[in-house]
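Examination of the molecular architecture
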Amino acid sequence: MLQTQYIRDNRDRVLDGLLKRNIKDAGKQIAEVLKTDEERRAAQSARDEALSRSKTQAREIGQLMQAGKKEEAEAARVATQQDKALSKDLTEKVGLLEEKLRSLLYNIPNVPNENVPAGTVADDNEVVGQWGEAPTLYDGATPHWDLIKKYDIIDFDLGNKIAGAGFPVYKGKGARIQRAMINFFLDEAREAGYIEIQPPIFINEASGYGTGQLPDKEGQMYHMTVDNLYAIPTAEVPITNIYRDEVLNEKALPVKNVGYTPCFRREAGAWGANVRGLNRLHQFDKVEIVQITTPEASYEALTKMIDHVTGLLQKLELPYRVLNLCGGDLGFTAAQTFDMEVYSAAQKKWLEVSSVSNFETYQANRLKLRYKNGDGRIQLLHTLNGSGLALPRVLAALLENNQSEKGIKIPEVLVPYTGFEWID
RNA sequence: GGAGAGGUGACCGAGUGGUUGAAGGUGCUCGCCUGGAAAGUGAGUGUACUCUUUAUUAGGGGUACCGAGGGUUCGAAUCCCUCUCUCUCCGCCA
């Protein structure tokens, strides 16, 4: 969430940013925040004053008691009753206002940075990079949902039987290529300086709030009500929450973590057209990279993360483009996001395989993730994360782009991991 | 599932009703020592909110905070209640 102080000091900047996200009542929301904040401060001043008085009185009574002046102490004691009731009321009032302010802030998304293009829909995203050429496929080429049946490597019907739609079963070379990609991605990240983490795949409520999945994406996560745990939608959640409520030493920065986890998404209401095959699943595998840096270093880190991800795609020989997401397409918590899309020749469309974002202090503020800088001042850090990479759509593109009469050719870099060169 | 113990500052760890925001240690910052470092040694080192001050990446004041919430009391880290988390033992299991 945004910092109240920041909104107070940069009202116009915040407003402009929210308008870039096409939030129509941004002015009203910000005015409400500022008004609540003002009420809160007034209430706090009043409360502090009342409490200060009580405290002084208590100290005096203590002294009288010790001096043995019982009667005077007793008189003073009676006199405190009124202030006590007053400060209790005021404390309650402050609490309510704080809660109101927090819930207002929870519903205000991050302010896009100045390089985020204006726009409302995905078509307004700005293409900032492109690599590779779409392959020309042979006559018998088909989309991946046919290929997986032809080679019997992924079985949706079996998934239906044992879990439900969107929970595919990977078989034989299908399972092995999954394992191969995971290892390849993890090794590449390690070589780029990321520490590998294997986090829990269920998280508690506090973690959900920490990274912003709660309260606004409540319905998108699988929730185990018996133990009040949520299945993670991405490794970003448990990995970033490692650093919740932490004050890091500047020397420990930047934090660079990578983790492989299955990801679970209910995709409530998203099922329908254009989600065939591997394009959208309830459970999928992803290798996630996370960085925590100082504010000064975060945009350079973002660039490096994009380079890392595009490097992976180049090694996999998959044609891709890089998009600078427009205000309207930006996720709730991001200040800037770049999407990597791979071209899937048989579907003749771009598939998002990675999304790399800088959240600036938005997550860190909720997480209370800070560091002590050289001057000894405590400051919020910047958090960033990106997929490096999500498997299903990479696999879809790989199957489709590499198909021929002979079968599906495995990219060279993956062969040492798969142990086979062809799916045939 | 049953029983017990415990959650204190960046970290470890004292502290059972009145200068305790909190001993001591570690870490960190600055200095001494050193050719340089280590060791040793001296000093400093809470966070959040808030008010105020032309000492303004600063000074001064106030309030809150010892897992969370509530209660008792003139006064609570310290007493009581509820919740929560962690640990240990037993049970069950891998």
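First, a word on what this report is: a plain description of the structure on this page. (Residues numbered from 1 in each chain as written. Chains lettered and ligands numbered in written order. Predicted model: local features only at pLDDT ≥ 70, side-chain atom pairs only at ≥ 80, totals over all residues. Heavy atoms only, no water.)

**Focus on the sheet that holds strand β7 (residues 229-231)**
- The strand order β5-β7-β6 describes an open sheet built from three strands, whose pairing is antiparallel. The strands lining the two open edges of the sheet, one partner per strand, are β5 (202-203) and β6 (223-224).
- Relative to β7, β5 runs antiparallel, the two sharing two bridges. Paired with I203 across the bridge in β7 is Y230. (Pairing = 2+ DSSP bridges. Helix = DSSP H or I, 4+ residues; strand = E, 2+ residues; numbered from the N terminus.)

**Considering the protein's contact with RNA strand B**
- Neighbouring RNA strand B are 22 residues; R8, R40, Q44, D48 and R77 lie closest to it.
- Taking all atoms of RNA strand B within 4 Å of the protein, the share assigned to sugar and phosphate is 75%.
- Between RNA strand B and the protein, one listed contact pairs a phosphate oxygen with a side-chain N or O atom of K88 at 3.0 Å.
- Taking R370, its side chain carries an N or O atom lying 3.4 Å from a sugar or linking oxygen of RNA strand B.
- In terms of residues, the surface near RNA strand B owes the most to one element, helix α3 (residues 26-66), which gives 13 residues. (Near = heavy atom within 4 Å. Polar contact = N/O pair within 3.5 Å; in protein donor to acceptor, adjacent residues only side chain to side chain.)

**Description of the sheet that holds strand β18 (residues 407-409)**
- Read across the sheet, three strands follow the order β17-β18-β19 without closing on themselves; strand pairing throughout is antiparallel. The sheet is open, and its two edges are formed by β17 (403-404) and β19 (422-423), each paired on a single side.
- In the sheet, β18 pairs with β19 via two bridges, with the strands oriented antiparallel. Counterpart to I408 in the pairing with β19 is I423.

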